[in-house]
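Here's the letter readout for the chains.
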Amino acid sequence: MTHETEEPLVAGLLLAAGGGRRLGGRPKALLPHRGRPLVEHAVRVLREGGCEVVHVVLGAAADRVRDEARLPGCVLVDNPDWAEGMGSSLRVGLASLKAEALPVDAALVSLVDQPGIGAAAVARVLSAYDSRGTLAAASYDGKRGHPVLFGADRWAAIAAGAVGDQGARDYLKAHRDAITLVDCSDVAEPYDIDTEADLVHLE
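Attention in this report is confined to the structure presented alongside it. (Residues numbered from 1 in each chain as written. Predicted model: local features only at pLDDT ≥ 70, side-chain atom pairs only at ≥ 80, totals over all residues. Heavy atoms only, no water.)

This part takes up helix H3 (residues 86-98). Along its 13 residues, H3 runs 18 Å from first to last C-alpha, staying within 8% of the 18 Å computed at 1.5 Å per residue. Buried within H3 are the following residues: Gly87, Ser88, Ser89, Leu90, Gly93, Leu94, Ser96 and Leu97. (Helix = DSSP H or I, 4+ residues; strand = E, 2+ residues; numbered from the N terminus. Expected span 1.5 Å × (residues − 1). Buried < 20%, exposed > 50% of the residue type's maximum accessible area, 1.4 Å probe, protein only.)

Structure (structure tokens):
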């Protein structure tokens, strides 16, 4: 049986390297949410949304995250250049998925600091997968957000443009017409945990 006729493999890619600069330097992955580190919640959301393979990019306090968070079955990838911004984490994460033993057809990228985005939104964006050239993103009131799905055929170009804090923003702008927007306004809230004031969203 060829790979083409099997279920496509869409892997979850969680970017969890942020140092929480505006949170007094508290690593975002370790912020407490429902009694456990936020990174555990984010991984569970990806799994429950349908991603069996999950790679997690760590940066700030990576050793502490490994010690304190329970992340069984995840591939943990260190990004030594995490302080450069999200772009470097995206590059490291895509490279890790490329090296995955199983051929991965697409990456579903989510951010550790968006606990208002749950499994329902992940499942919706996942269902937009069509081919290794698919580009899809959740949208909220017409505005593009996360999670974002990148077909594997697009990874090299996305990685090439992922610099600083841009992530894939420039690539997505340039390929706006190719993006399938998946409305998730009714099942998720796309706020970020960036400042002390945002901590009210954590439970």
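Since the α-helix advances by 3.6 residues per turn, residues separated by three or four positions end up pointing in the same direction. Along helix H4 (residues 119-126), the positions that sit buried rather than exposed are Ala119, Ala121, Val122, Val125 and Leu126. Angular distribution of buried residues about the axis of H4 spans 160°; they occupy a single face of the element. Structurally, H4 contributes buried residues whose contacts are with strand E1 (10-16), helix H1 (38-48), strand E6 (106-111), strand E7 (135-140), strand E8 (143-151) and strand E9 (179-183). (Arc of directions from axis to C-beta. Contact = heavy atoms within 4.5 Å.)

Attention now goes to the nonpolar core. The biggest cluster of nonpolar side chains holds 41 residues, and the ones touching the most others in it are Leu14, Ala16, Val39, Val56, Leu108, Val125 and Leu149. Contributions of two or more residues to this core are made by E1, H1, strand E4 (54-58), helix H2 (62-68), E6, H4 and E7. Element by element, the count of residues in this core is highest for H1, at six residues. Not counting chain neighbours up to four residues away, the residues in contact with Val56 comprise Leu14, Ala16, Val39, Val43, Cys74, Val75, Leu76 and Val77. Residues Ala11, Leu13, Val53 and Ala107 belong to the second largest nonpolar core, which totals 26 residues. (Core = buried A, V, L, I, M, F, W, Y, C linked by side-chain atoms within 4.5 Å.)

We now examine the environment of Ala62. With respect to the secondary-structure elements, Ala62 resides in helix H2. On the accessibility criterion, Ala62 (10% relative accessible area) is buried.

Within a regular strand, side chains alternate between the sheet's two faces. Taken together, the four bridges between E6 and E8 define a ladder with antiparallel strand orientation. Note on E8: the bridge partner recorded for Val109 is Val148. The pairing of E7 with E8 spans five bridges and is antiparallel. Residue pairing in the sheet places Ser139 in a bridge with Arg144 of E8. Where E7 folds back on E8, the antiparallel hairpin that results is connected by two residues, among which Asp141 adopts a positive phi of roughly 50°. (Pairing = 2+ DSSP bridges.)

Let us now look at the state of the cysteines. Enumeration over the complete set of coordinates arrives at zero disulfides. Here Cys51 is not cross-linked by a disulfide; its sulfur's nearest cysteine counterpart is in Cys74, at 11 Å. Under the relative-accessibility criterion, Cys74 is labelled buried at 13%. (Disulfide = S-S within 2.5 Å.)

With that out of the way, let us pick up the sheet that holds E4. Here seven strands make up an open sheet; going across it, the order is E5-E4-E1-E6-E8-E7-E9 and the pairing mixed. Among the strands making up the open sheet, the edge pair consists of strand E5 (75-78) and E9. Put simply, the sheet's adjacent strands are angled 25° from each other on average, direction ignored. Sheet strands in contact with H1 are E1, E4 and E6, and its direction is about 165° off that of E1. Strands E1, E6, E7, E8 and E9 of the sheet are contacted by H4, whose axis makes an angle of about 55° with E8. (Axes fitted to C-alpha atoms, helices over the stretch in contact; angles between N-to-C directions.)

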